[in-house]
Amino acid sequence: MAVPVSGPMARFARMRALLALPAIAAAALGGSALLASCAADDRSPVRTQAAAGSAAGPVEQLGVRVLDVLPHDPKAYTQGLEMAGRTLYEGTGLAGESSIRRGLPGRRPTVRVDLPAPLFGEGVTVLGRTLWQLTFRDHIAIERDAATLAELRRLPYPAEGWGVCHQPGRGRLVTSDGSARLTFRDPRTLAATGELLVTLRGRPVPRLNELECVGDRVYANVWPSDRIVRIDTGTGAVTAQIDASGLLSPEEQQPAEVLNGIAAIPGTDEFLLTGKWWPKMFRVAFVAR
């Protein structure tokens, strides 16, 4: 369910929606045009996979069961959230206010590094001893030491940075750019190695944002809403829709923005959810509605 964007960031949200319109419009034209454009150039090393929309099984309709409520920094404009062991990593955005943080869930971060303006931080993902942090439209990805968060190097990033997660079993990153596509990337060079069109019952699902990899599945926020989709990365088909609305009270929601932050808790079927400027973080299980 979509959440009205209000408050001092309403203009930014409208601007970002306008920036995303070309990608959304392209997705609305259907997957065939996208696939044809990619197939037209056989020299391209990147291939787009078509989702088996009509052949996919039923789409589960899930909600959230709250297991615990944790404090969260209400000044954190959350862009990426990920657990590695017992450690929570959070990337925040906005030019001049972006950061990367490390610590225990619900506690004050033990390590924090701020990004220099005008960099706008986006998704983050951990790869053992290092992590990647994307930027929105700065065309830069930053590799960091996972323990100290010190910057190790920067690489050019040709796309808009939205979400990123790691599939170690596949040896690849999965990234989003606000469209209905997921792009697979080499975890060392960030070179694109493939693309996947995400569909729900055969229709593209645009505005894919923050990502969380769990095995061969990817959970993605659909911006700007409290809706999460679970994606089969073998086919691109959405296998579940998760309604995460109603976590904040109306009073808490007024100064906050939309849900944006999904972190699977290792060794469990549970997740941490939070959002931009949310005062709380929720430990939840996804359950049948």
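Residues numbered from 1 in each chain as written. Predicted model: local features only at pLDDT ≥ 70, side-chain atom pairs only at ≥ 80, totals over all residues. Heavy atoms only, no water.

1. Focus: the sheet that holds strand 20 (residues 238-243)
Quick note on the threshold: Strand pairing is defined by DSSP finding a minimum of two bridges between the two strands. Helix and strand assignments follow DSSP, with helices taken as H or I runs no shorter than four residues and strands as E runs no shorter than two, numbered in order from the N terminus. Axis geometry follows a simple rule: fit a line to the C-alpha atoms, using only the stretch in contact for helices, then measure angles between N-to-C directions, giving values from 0 to 180 degrees.
Spatial ordering of the open sheet is given by 17-18-19-20-2-23-22-21, a layout of eight strands whose pairing is mixed. A single partner strand is all that each edge strand has here, and the edge strands are strand 17 (208-214) and strand 21 (259-264). In this sheet, adjacent strand axes meet at a mean angle of 30° when their direction is disregarded. Alignment of strand 19 (residues 227-232) against strand 20, held across five bridges, turns out to be antiparallel. Note on strand 20: the bridge partner recorded for Arg227 is Asp243.

2. Observations concerning the pattern of salt bridges
Put simply, the rule is: Between Lys or Arg on one side and Asp or Glu on the other, a salt bridge is scored when a side-chain nitrogen of the former is within 4 Å of a carboxyl oxygen of the latter. Using a 1.4 Å probe on the protein chains alone, a residue whose accessible area is under 20% of its type maximum counts as buried, one over 50% counts as exposed, and one in between counts as partly exposed.
Applying the stated rule across the entire model yields 12 salt bridges. The salt bridge involving Asp73 is made with Arg101; its shortest N-O contact spans 2.8 Å. Placement of the pair is Asp73 in the loop between strand 2 (60-71) and strand 3 (78-84) and Arg101 in strand 5 (residues 99-103), with a sequence separation of 28 residues. Look at Asp73 and you get partly exposed, because its relative accessible area is 29%. Of the charged contacts in the structure, one is a salt bridge between Arg153 and Glu143, with a shortest N-O distance of 2.4 Å. With Arg153 in strand 10 (residues 151-156) and Glu143 in strand 9 (residues 140-145), the pair connects residues that are 10 residues apart, well separated along the chain. The class of Glu143 is buried, set by a relative accessible area of 6%. In the salt-bridge network here, residues are joined through shared partners; they are Glu143, Arg153 and Arg188.

3. Here's the deal with the pairing of strand 14 (residues 192-197)
Pairing of strand 13 (residues 181-185) with strand 14, which is carried by five bridges, proceeds in the antiparallel orientation. Bridge pairing in strand 14 places Leu182 opposite Leu196.

4. Looking at the side chain of Thr274
Heads up, the rule is: By definition, residues are in contact when any of their heavy atoms lie within 4.5 Å.
When you line up the elements, Thr274 lands in strand 22 (residues 270-275). Apart from the residues within four sequence positions on either side, Thr274 is in contact with His72, Thr78, Leu81, Leu259, Asn260, Gly261, Lys280 and Met281.

5. Observations regarding the sheet that holds strand 3
Read across the sheet, four strands follow the order 3-4-5-6 without closing on themselves; strand pairing throughout is antiparallel. Each of the sheet's edge strands pairs with one partner strand only, and the pair in question is strand 3 and strand 6 (111-114). Pairs of neighbouring strands in the sheet enclose a mean axial angle of 10°, with direction left out of account. Pairing of strand 4 (residues 87-92) with strand 5, which is carried by five bridges, proceeds in the antiparallel orientation. Opposite Tyr89, over in strand 5, you have Arg102 as the bridge partner.

By themselves, these figures tell us nothing about what the structure is for.
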